[in-house]
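Coordinates in review
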Amino acid sequence: MEDSKKSIGKGIDRIDGILKITGKANYATDYPAKNMAYAVLFKSTIAAGEIKKIDTSEAERYPGVLKVITHENAPKLNPEGGLRGGALLQSPQITFHGQHIGMVVAETFEQATAAAHLVKVEYTKKSEKIDFEKLAQTPEMPKGKELADLVRGAGKSALDTAEVKVEETYETPIEHHHPMEPHSTMAIWEGEKLTLYNGSQIINGAQSAAAATLNLKSEQVRIVSPFIGGGFGSKGGQWANLVLAAVAAKMVGRPVKLALTRQQMFNSVGLRQRNIQKLSIGATKEGKLLTLAHEIISHTAVDSEYIEPCGDCTKIMYAVPNSLISYRVVPMNLILPTYTRGPGKSTGSFALESAMDELAYKLNMDPIELRIKNEPEKDPSNGKPWSSRTTVKCLQEGAKAFGWNMRKLGPGTNKVGDDFIGYGVACGTYPARQRESSAIIKLKLKDRKVYATVEIAASDLGTGTHTILAQTAADGLSIPVEQISVKLGDSDLPPAAGSVGSVGASSFANAVNDACTKITHELLAKSGKQFFVRPTAAQLMISENTAEFETRSNSKAPADAEKFSSHSFNANFAEVRVNGITGMVKVTRFLAVTGAGKILNPKTARSQIIGGNVWGIGMALTEESVIDPRYGNFATRSFADYHVPSNLDIGNLDAMFVNEQDIIPNKMGVKGIGEVGIVGVAAAVANAVFNATGKRIRSLPITPDKLL
Amino acid sequence: MKPFKFISATSQEQAVTMLSKNAEAAYLGGGTNLLDLMKEHVALPNELIDIGNLKLKEIKATTGGYSLGALAKNTDTANHPLVRSNLPMLSKSILAGASAQIRNMATNGGNLLQRTRCSYFYDISMPCNKRVPGSGCAALEGFNRMHAIFGWSEHCVAVYPSDMAVALAALNATVKVQNSKAERTIAFRDFHLLPGNHPERDNSLTHGELITAIEIPKNNFSTHSAYVKVRDRNSYAFALISVAAGLHLSGNIIQSAGIAMGGVAHKPWRALKAEEFLKGKVATTANFTEAAEIEMAGAKALSHNKFKIEMGKRTLINALEMALKG
Ligand SMILES: Cc1cc2nc3c(=O)[nH]c(=O)nc-3n(C[C@H](O)[C@H](O)[C@H](O)COP(=O)(O)OP(=O)(O)OC[C@H]3O[C@@H](n4cnc5c(N)ncnc54)[C@H](O)[C@@H]3O)c2cc1C
Ligand code: SF4
C-alpha cells in the first residue's frame, strides 16, 4: 500500500475519544449491576506487629451493614497466587502501616465508610524497620539473581588512575503513581464463575493471579477492563483489592464494588522506592570514559522483594571499558514497591545523566559532545550489535530544534530580571521487546462494505491501544478505520501481553498485523483463484461475496531478535527559569526527541511522550512522598501535600520523533514509547537548574528551599 | 463520613438560632474545606446549616472604607472593580490561593475559618492536639517543613493557611459577626489566635457566631502594594512563605507600612516590628533589608523548616521592593 493511503503513521483522533468525553466509556465501577453492595477497606495504624483484638460488633450493628470481614472470618486464600503486596486478611500479622486489616460491606458506600470507623482494634506492636536513612547504612544483598554485582574490566578500581573524576551521590524520594482512576474492582459471582471488572494493565495476568489466589481455575475468572484510567505500573501487577472484592461478593451473596480512596492509594498499590545512588566516573582529559560505577541502595518490603533496576541505563549508555553496577537493599515495614513509569531507568538516568553533566563541566566540554564522544558501537553490557541506536541523532536533531547554541556555558550568567535562565540536556533509553500475543479478526460483508472486528485481550491504559489496533487492522485488511471495531480488555478474548514495560504496542500491533496477513492468505486460498496483483482481504470478501470470515493467529518476537540489542533512545532538552530570590523553578520549554522505531500514531505517541515528560518534571521539581519514621505512615497523604506539577510549572512541551526503521525487534518495527518518555527528563531539568544557578541539586525534588 | 442533617437557612437570625442550639452543628459556606474535613473524619458535625442563600454577598464602599459580604465568593471578591482598584493586594492574595474551581465555590467567611493544612491534623491515626486536645503534637518532632517559625507553642506548631487573610491583616481589616444576642466587630489581629495551651481553638468566635462581613478601612496603599507567595509549585499549593506589603509613600519617604506574612504562624503574622522600623524611613533596599532582619530576628525554626527564616527575609524584602515599584 502507498504510504499516503496508510492509516499507520497518521495522527488520527482516538476512536474511543467521543465515548470518553461523553462519559460512555465504562471504567471498572461504572458498570451497572442489580442489588449492588459496597465494600470499604480499613487499615492498620501501626507498621509492625500483630492484631491482638478486633471488635467489629458496633460496626456490624450499624444501619445497612451486611458483613464485616477480617482475618477472623475471611476465607483461606493462596498468598502465593501472584498478587502483590499481601494484605489479604489471612492473619493478624501487620507488616506495614496502612495494611488492609478488614472491610465493611454495606448497602451504600457511605454506610460502609461510616461503619468502618466503628471497628476497634488493639495491637501488639513490634519495633518497626522504617527509617531508611539509618537502615541504608547496613544494607543487604538483594535476593534476585539479576541484581548481583555486574563487573566489567577492572570495575571501579580503574577510577584511581583516571585524570578526571566525578564521584557523587544522588537521591530520589518515594513517589506514587496516582492514576486519575484509583484502583477499584467490581465483583460478580454467577455460581462458581466470577467476573471482575478491574483496571488491569495485563488482562491475563490479572486473571491468573485472581484465580490462583482464590483457589479457582483460570477459566472460572473473567477480567473485564476495556478502559483504564491510567496505571503507570500500579495496575501491572494486581493488588489485594482485586480478590477482596470477590471475597466480599461471595460472603454477602451480592455483586460488590470496592473502590480505594485517594488517601488509601498511598499504601495499597505499591510505590516507587527511594534510592540512594552513588555514581563514580573516571575519564581522560579529552573526555573518554575509563570507568563507570553505579552503586544503588534501595528498599523493599519485609516479606517480598522488588527493586527497580536503576543501573539499567548505565549498563548500555556509554562506551566504557571498566564498570560496576551494584544493588543493595533494606527490607522495610512499608508496602512492596513496584514498577513505576520507566522503572529504574527514570531514577537511574537522573543519577547517570547528572553525573555526565558534572563531568562535562569539569572538562569544560559541551555535554552533547561528551555524550557523542562516548557513544558505544555495540551494547557494552553483552557485546551484541544494536538493532539500531538513535542517541546521536536525537541529540543532534534536538540541539538544532531547541536552539541549544543559545545556552550560556557559565552557570548563573543568563539573567532576566530576577530570573536565572538555564539549559540542560540528558539522554534516556528503554528496551524494545515483543511478547507473545494472539488475536482474532472477524470480517463481515454488508452492503458491499467489509467490516472488521479485532479481538485481543490487550489493554488500553488511556494511551490509545484501541486506536492503533484499528489503524493496524485498517492497513492490514485495506478497510477504512471507521469500519473496524476493536474489542480488548477482556480475558475471554485471545490472550495477549500487557501494557507494561513498553511491550504493549509492539506485541498487540504485530499480533493484529499477523492476523490480517493470515486472514488474507486464507481468503485467497478459499477463493481458489490466482491473481496477478495480490488482492486485499477487503477485495476478496467482496469479490467472493463472503458474508463472514474469521481467523485467529498467534505471534511471537522474530527468532533473530535475541541476537541484537534493541532499545528506544531519547534526548531531552530543558529550559528553566529560576527565581533568584524565591528559588521557585519553572520549566519554560521542554523538548523530547525520541527514536522509537515506527510511530503508529504521532498524535497518541506525542501525548504519551509529553505525559512522561510532565511526570519527569514532577519528579525533578515537586513529587515526594514523605514517611514519618516514628509511625511508618506517610505524612503526605493527599494531593495538597503530594504535589504533581501544575500547568503554571510547565511552559511549552514538544515531542519530536527521529525517523527510524528497525524491523529486527519485530516485523512492524515498533519499539515502544510509554516508558522512555520519562527517562532522562529529571536529569535534563536538574542540569538546566545547574546551568541557570550554579547549584547542583543531587536530591530530588528540587523545591525552592534547596535553591536559596 | 458521619451522617448529618442538612438544613438550608433562610435568614441570618434563623441560622444563628439553629446553630446556637446545637453544639455539634456547623455552618456550610462553599464547603471546600468543611466537606473535605468531614470525609476525612476530622470534622464530625451532626447538622449542617447551609448559609448559601443568605443575602451576605455584597461588596461595597462604605463611609470608612469597604465591606465584603461573608458569603461573596472568593472569585467575585478578587475580581470586583472596587477591590481591584482600591485593594489590589487583597485581589492578588485571593488569586494566589487554591485553584479557580475552589475559589469559585469558596466564600469570604469560610476562607477566614479554613483550618490548618498540617497533615497530622488531617490523619486521624496520628496524635494531634488541635484535633484531639491532649493527644500530643505529632508535628513538633515530625515532618514540620510546612510549619510555623513564629508564635508556636509545644502544643501546636501548625500554620494558618489562608492567603486572603494575610492581605486582610496587612490592611487592618475587622470582622463583623452576629451571635444570638448581638452584633460585634473583631479587629483582625484579635480574630485568629496563637496556639498557646489551646490549639483546638483557631479563632475568637464563639459557637454560633456567624461572620456577616469583613470590613477594610480606607488606606493609602493602593498604588504601592504587593502580594508575594513562595510555594512548592507555581499554582495550587499552600504558601511556604507569603508576604502582603503596602507602602504609603510621600516622595520616597515611607509614611506608613502595612505588612503581614503567611505560612509562618498559627495566624496571619502582622510584621509590626518591620512596619515600625520603616515608618519615616527612606524607601531603599537597605532599609527594607534591615526591616526584614528585625522582623525575622524573632523567628524560631523547627527541625525541617530552617529555610523559612532566610526565605522569609528574602520574601519580605522582595515584597517591599515590588510594592515600591507599584
Ligand atoms: C486543594 C485545596 C487547595 C487550597 N489552596 C489554598 C491556598 O493556596 N490558599 C488559600 O488561602 N486557601 C486554599 N484553599 C482553601 C480554600 O481557600 C478554602 O477551602 C475556602 O476559602 C473555604 O471557604 P468555604 O466557603 O468553602 O468554606 P467552608 O468549607 O464552607 O467552611 C469552612 C469553615 O468555616 C465555617 N463558616 C463558613 N462560612 C461561615 C460564616 N459566614 N460564619 C461562620 N462560619 C462560617 C464553616 O462552618 C467551616 O467550619 C485550598 C483548598 C483546597 C481544597
Ligand atoms: S501542629 Fe497542631 S495541627 Fe499539627 S499535629 Fe501538632 S497540634 Fe496538630
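Above this note sits the structure.
Rules behind the numbers
Residues numbered from 1 in each chain as written. Chains lettered and ligands numbered in written order. Predicted model: local features only at pLDDT ≥ 70, side-chain atom pairs only at ≥ 80, totals over all residues. Heavy atoms only, no water. Buried < 20%, exposed > 50% of the residue type's maximum accessible area, 1.4 Å probe, protein only. Helix = DSSP H or I, 4+ residues; strand = E, 2+ residues; numbered from the N terminus. Contact = heavy atoms within 4.5 Å. Buried area = accessible area lost by both parts, 1.4 Å probe. Salt bridge = Lys/Arg side-chain N within 4 Å of Asp/Glu carboxyl O. Polar contact = N/O pair within 3.5 Å; in protein donor to acceptor, adjacent residues only side chain to side chain. Near = heavy atom within 4 Å. Areas by Shrake-Rupley, 256 points an atom, 1.4 Å probe, with all protein chains shown as cover. Nonpolar A, V, L, I, M, F, W, Y, C, P; charged D, E, K, R; others polar. Domains from an automatic or database assignment.

All names here are of chain A. Burial of helix α5 (residues 203-213) is extensive: eight of the eleven residues sit out of reach of the surface. Residues I203, N204, A206, Q207, A209, A210, A211 and T213 constitute the buried set of α5. Summarising the contacts, the buried residues of α5 are in contact with β10 (193-198), β11 (221-224) and α6 (241-252).

Turning next to the environment of D303(A). Residue and element names in this part refer to chain A. Examined against the element boundaries, D303 turns out to sit in the loop between β14 (289-301) and α7 (312-316). The exposure class assigned to D303 is exposed, which follows from its relative accessible area of 58%. In the structure, D303 is positioned 292 residues away from G595 in sequence and 39 Å away in space, judged by C-alpha atoms.

Another point: the interface of chain A and chain B. Contact residues are listed per partner, giving 38 residues for chain A and 33 residues for chain B. Summing both sides of the interface, chain A and chain B together bury roughly 2,900 Å²; the carbon and sulfur share of this comes to 57%. Where chain A meets chain B, there are three salt bridges. In this structure, the salt-bridge partner of R637(A) is D123(B), at a minimum N-O distance of 3.6 Å. Counting the contacts that link chain A with chain B gives 14 residue pairs in polar contact (both at pLDDT 80 or more).

Attention now moves to the site of ligand 1. Residues and elements named next belong to chain B. Lining the immediate surroundings of ligand 1 are 33 residues, of which Y27, G31, T32, T107 and D163 lie closest. Measuring from an oxygen atom of ligand 1, one finds a backbone N or O atom of N33 at 2.9 Å. Between ligand 1 and A98, the relevant distance is 3.0 Å, taken from an oxygen atom to a main-chain nitrogen or oxygen of the residue. Considering ligand 1 on its own, with 970 Å² of exposed area, one finds that the protein chains cover 92% of that surface. Looking at the shell around ligand 1, the elements that each hand over two or more residues are β2 (25-28), α2 (34-39), α7 (108-113) and β8 (210-217). Among the elements that take part in the shell around ligand 1, α7 stands out by supplying four residues, more than any other. When its residues are assigned to classes, the shell around ligand 1 shows 15 nonpolar, 13 polar and five charged. Looking at the shell around ligand 1, you find at least three residues from each of domain 1 (1-54) and domain 2 (225-325).

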